[in-house]
Amino acid sequence: MIQAILDGVLTGAIISLGAIGLTLIMHMLRFANFSYAELLAIGAYAALVFDGLFSALIPVLDQAFAPLTLTGALALAMVIAMVVTGLSAVIIDRLVFRRIRLKADPLSMVFASFGVALIIRNVIVLIFGHHAQLYSQEIARAHVLSFDPLILIKPDQVFVLCLALVLMFALHLLLTRTTFGFAIRAVAENPSLAQVAGVRLSAVIVAVWIIAGSLSAAAGTLYALTNQLNPLIGHVFLLPVFAATIVGGIGSVYGAVLGGFIVGIASGLALMLLPPGYAPAMPFLIILAVLILRPQGLFGEEPR
Amino acid sequence: MIGLISYLSFFLTMAGIMAIITLGLNLQWGYTGLFNGGIVAFFGAGAYGTMILGSGAEPDQFGGFDLPWLVAVAGGILFAAALAWVVGVLTLRLKHDYLAISTFGVAVALESLVRNSQWLTGGARGLRGFPRPFEELVGDTFTYGLVFLAIVLVVLALVWWGIERLVHSPFGRALRAIREDETAARALGKNPARLRLWSLVIGSAIMGAGGALYVSYTAFISPQDLLPVLTFQVWAMLIVGGAGNNRGAVLGAVLIWGVWTLSGFALTRLAPDSMQLDAGSIQYILIGTLIVGMLLWRPEGLLPERISQKPTKMADKAVLEVKQ
C-alpha cells in the first residue's frame, strides 16, 4: 500500500511536469496536442546523446554524485536537453502548427499533431533503435533508502521528486512574480484583451512552447533516470498527461500539478487490485470519472 | 493468373472494408466536424463483438454463442454503437478537446482490455474459428474470395447510399449547420449535442460494421489488429480523399491502402536486411507525413466537399413570392 503510494507520487511528479506545459498549450492555442508527449521523448534522448558526449569529452564529469547514479555529465546534459527540446517545440510550431493555425480550424491541428507524433516517434526509432536504454549501468546497484525493509526507495527517486518540485516552484515564481509571467497568464485568460494591453501574442506563444518543451524534457529525462528509456515513452505518457490536465482543468497550471499526482497515485493504487497489464487503461478510467463527476476539472473554468 | 486475381480480390476486399470505415469517419468528421481519435476502438468493438457472438464454443472461453452470421454482425455493430454512445454522452456537451482525448483513451483502454482478459477475448493469442458466411455453399477458396469481395462491395454500396440519404436529409443539413456555425444552428432551434451524438453513434456503428466484416473474412482477431495505426490510416484516407465527400473518402481509402501495401511490399523486397526491422517505422513516417503534408498544402483533399448551390423548393417559392 505505502509502496504503491510512494511509486505513485514519483510517477505523479513526472506526469505533473509534463502536464503543466500541455495545459498551457491547450489553453492558449485551443487544441489538444497529441504530439506533445513526444517532447518527453525528444528531451530524454537529447539527454542521452549529450550525456554520452560530455562523459567522453570531459571524463571528470563522469563521476556519479553518490549515493545518486546521476553524473555531472548527465546533469549538464539534462540542462542542454531542456534547451534543445524547448527549441524543437518552437521549430515544430513554426513548421506545422502555426501554418495550420493561420488558415484552418483547431481540429485540423489535432489531426496534424497526431501526424507529427507519428513522425517524431518513428524517426527516434530509426536513429536509436527499438531497444531500451539506460543512462547509467549502475542503476541496478544503487542502494536503497528506507526505514522499513519492505519499502523500496532509491536515492535517485528522492532526487527526482525534489527536482520536479523545484522546477514547479520556479515556474510558479515566473508566473506570479514577473511581468513576463503576467503576460502569459493574460494571454491564457483572454488573448484579444491581452493584445489590446500591448502583449505580443506571437512572443508569448514562443515562450510557452519553450517552457513546455523544457519541462517535458526534464520529465522525460527524470523518468528515464529512474526507469529506462525507449522510443515508446511518448506514447506511454500521452494519456496520463492528458488525464492530469483534465483532472486539474484545462488551462490551470496548479490543477495540472495536482492532477499529475492524482493520476500517478490513483494508477499506483489501482495496480494493487488489477494485473499490471491494465495499467494503460487507468488514465482513461480517471478521465471518465472526472467527466461524470466534475467535467470542468478541479480548477477549470466552466466548460464551453 | 489465378494467383493474381485472388491477390487482387484480397486487396480489394481489404480496401473495401477500409472504405466502409472511412465513410463512417466521413459522417463524423466530414459532415459533422467530430474528431474521432479512436477509430480502432469502434472497429475492434465490432470485430470482437461479432467474433464472441458468432463463433463456436471453446473450453475455458467466454462466448461461443454460435449465433447466425447476421445476428452476430448486428450484435457487433450494436456493441460499437453502445461504446460510442457512452463516450458521446459524456463528452459532446463539452469542448471538442474532450471528445478527441476520450476517443483516443477508449482505444488505448480497449486494447489493454483485450490483451489482458484471457477469458473474454483470448488475450494476446486472440480468437479464431469463425464460421465464414456462405463458405460451405461455395466450396473452393478462390471463388469464396470473390464472393466475399461481392459481400463487401454490397455493404459498401449500402453504407454509401445510407450516408448520402442521411446527409441530404434535413438531419444532414442540420449536421452541417452545427459544424459551420453552432450558435446560428442553436438559434434555429437545433440541438447540437443531440445531433452530434447521433452522428458519432451512427458513424461508429459503421466502423463496427467494418470490424465485423474484417473478422468474418479473416476468421481471426487478436490485439495486433487493434493497434493505433488503423486510426491513422483511416484519417489519412479521409484527409487525402477529401473530407465531406463520400467519393473522396472511397478514393482515399483505395489510394492509401494501395500506398500502404505497395510500400510494405517494396520495403520487404528492396530494402537491405539491416533495414527490415525499421520497415514498419518508415511506413509510419510515411503516413504521418501524408497527414501533415495534406493538411498544410491541400487541406480540402483530392476531391473537396461540394456544397450544393441548388435552392430547395421552399427557397424557390420564397424567391418567387418576393419577386411578385
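None of these values were measured; they are calculated from a predicted model.

A.B. asks: Please give an account of the overall build of chain A that cites residues and values.
C.D. replies: Along chain A, the regular secondary structure elements total 11 helices and zero strands. The order of helices and strands in chain A, counted from the N terminus, is α-α-α-α-α-α-α-α-α-α-α. Rg of the C-alpha trace for chain A: 19 Å, near the compact-globule value of 19 Å for 304 residues, within the 12% margin. By principal-axis analysis of the C-alpha atoms, chain A measures approximately 55 × 45 × 40 Å. Of all 304 residues assigned to chain A, the portion counted as buried reaches 51%. For chain A, the share of sequence-separated contacts (at least 6 apart) that also reach a separation of at least 24 residues comes to 75%.

A.B. asks: Break down the overall build of chain B for me, citing the residues and quoting the values.
C.D. replies: Counting secondary structure elements, chain B contains 14 helices and two strands. The globule rule puts the C-alpha radius of gyration for 324 residues at 20 Å, and the 21 Å found for chain B is close to it. If one aligns the C-alpha atoms of chain B with their principal axes, the spans along those axes are about 75 × 45 × 40 Å. Scored against the burial criterion, the 324 residues of chain B give a buried share of 49%. If you take every contact in chain B between residues at least 6 apart in sequence, the share linking residues at least 24 apart comes to 76%.

A.B. asks: Explain the interface of chain B and chain A residue by residue, including any values.
C.D. replies: Listed by partner, the interface residues are 35 residues for chain B and 38 residues for chain A. Considered class by class, the residues forming the side of chain B that touches chain A number 21 nonpolar, 10 polar and four charged.

A.B. asks: Go over the environment of Ile239(B) with me, naming the residues and quoting the values.
C.D. replies: Tracing the chain through its elements places Ile239(B) in helix H11 (residues 229-241). With 30 C-beta atoms packed within 10 Å, Ile239(B) lands in the buried category. With 143 residues separating them in the primary sequence, Ile239(B) and His96(B) have C-alpha atoms 19 Å apart. Excluding its chain neighbours within four sequence positions, the residues that come into contact with Ile239(B) are Phe111(A), Ile291(B), Met294(B), Leu295(B) and Gly301(B).

A.B. asks: Tell me what's going on with the packing of helix H3 (residues 69-91) of chain B against helix H4 (residues 96-116) of chain B, and back it up with residues and numbers.
C.D. replies: Residue and element names in this part refer to chain B. It is the contact of H3 with H4, at a shortest axis distance of 10 Å, that shows an interaxial angle of 150°. Classed by the angle they form, the pair H3 and H4 counts as roughly antiparallel. Between H3 and H4 the crossing geometry is right-handed. Where H3 abuts H4, its residues Leu83, Val87, Leu90 and Thr91 lie against Tyr98, Leu99, Ser102, Thr103 and Val106. Classifying every residue of the contact of H3 with H4 by side-chain character gives six nonpolar, three polar and no charged.

A.B. asks: Outline unusual backbone geometry, supporting the account with residue identities and numerical values.
C.D. replies: Here Arg30(A), not a glycine, exhibits a phi torsion of approximately 60°, which is positive. For Arg30(A), the position within the fold is in the loop between helix H1 (2-29) and helix H2 (38-57). The partly exposed category is assigned to Arg30(A), around which 16 C-beta atoms lie within 10 Å. Of note, the phi angle at Ala219(B) is positive, near 55°, even though the residue is not glycine. For Ala219(B), the position within the fold is in the loop between helix H10 (192-218) and strand S2 (220-221).

A.B. asks: An account of the packing of helix H2 (residues 39-54) of chain B against H4(B) is needed here, citing residue identities and associated values.
C.D. replies: All names here are of chain B. In contact at an axis separation of 8 Å, H2 and H4 are set at 35° when each is read in the N-to-C sense. The residues of H4 that touch H2, namely those facing Val40, Ala41, Gly44, Ala45 and Tyr48, are Val106, Ala107, Leu110 and Val114. Its residues assigned to classes, the contact of H2 with H4 shows eight nonpolar, one polar and no charged.

A.B. asks: Describe the confidence of the model for chain B, with residues and values.
C.D. replies: Residue and element names in this part refer to chain B. Mean pLDDT over chain B works out to 88, with 94% of the residues at or above the 70 mark. Model confidence for chain B, summarised as mean pLDDT per element, is weakest for helix H14 (residues 313-323) at 64 and strongest for H10 at 94. Prediction confidence for the complex, expressed as pTM and ipTM, is 0.90 and 0.87 respectively.

A.B. asks: Would you mind going over the confidence of the model for chain A in detail, with residue names and values included?
C.D. replies: When the pLDDT values of chain A are averaged, the result is 86; 93% of them are 70 or greater. When the elements of chain A are averaged for pLDDT, helix H7 (residues 191-196) of chain A gives the smallest value, 84, and helix H9 (residues 233-248) of chain A the largest, 92.

A.B. asks: Quick one: what's the story with H10(B), residue by residue and with numbers?
C.D. replies: In a regular helix each residue adds 1.5 Å, so 27 residues correspond to 39 Å; H10(B) covers 39 Å between its end C-alpha atoms and thus fits that length. Downstream of H10(B) by a residue or two, Ala219(B) has a phi angle that is positive, lying close to 55°.

A.B. asks: Explain the environment of Leu70(A) residue by residue, including any values.
C.D. replies: Residues and elements named next belong to chain A. Tracing the sequence through the fold places Leu70 in the loop between H2 and helix H3 (72-103). Expressed as a C-alpha distance, the spacing of Leu70 and Leu291, which sit 221 residues apart in the sequence, is 40 Å. Discounting residues that sit within four places of it in the chain, Leu70 has contacts with Ala64, Phe65, Ala75, Asp156, Phe159 and Leu225.

A.B. asks: Outline the environment of Gly123(B), supporting the account with residue identities and numerical values.
C.D. replies: Residues and elements named next belong to chain B. Topologically, Gly123 is positioned in the loop between helix H5 (118-121) and strand S1 (127-128). Overall, Gly123 belongs to the partly exposed group, with 16 C-beta atoms counted inside 10 Å. Along the sequence, Gly123 and Glu111 sit 12 residues apart, while their C-alpha atoms lie 10.0 Å from each other. The contact partners of Gly123, leaving out residues within four places of it in the chain, are Arg115, Asn116, Ser117 and Gln118.

So, how was this worked out
- Residues numbered from 1 in each chain as written.
- Chains lettered and ligands numbered in written order.
- Predicted model: local features only at pLDDT ≥ 70, side-chain atom pairs only at ≥ 80, totals over all residues.
- Helix = DSSP H or I, 4+ residues; strand = E, 2+ residues; numbered from the N terminus.
- Rg over C-alpha atoms; globule rule 2.2 N^0.38 Å.
- Buried ≥ 20, exposed ≤ 12 C-beta atoms within 10 Å, placed from the backbone.
- Contact = placed C-beta atoms within 7 Å.
- Nonpolar A, V, L, I, M, F, W, Y, C, P; charged D, E, K, R; others polar.
- Axes fitted to C-alpha atoms, helices over the stretch in contact; angles between N-to-C directions.
- Parallel < 35°, antiparallel > 145°, perpendicular 65-115°, else oblique.
- Left-handed = near helix turned anticlockwise from the far one by under 90°.
- pLDDT = per-residue confidence, 0-100.
- Expected span 1.5 Å × (residues − 1).

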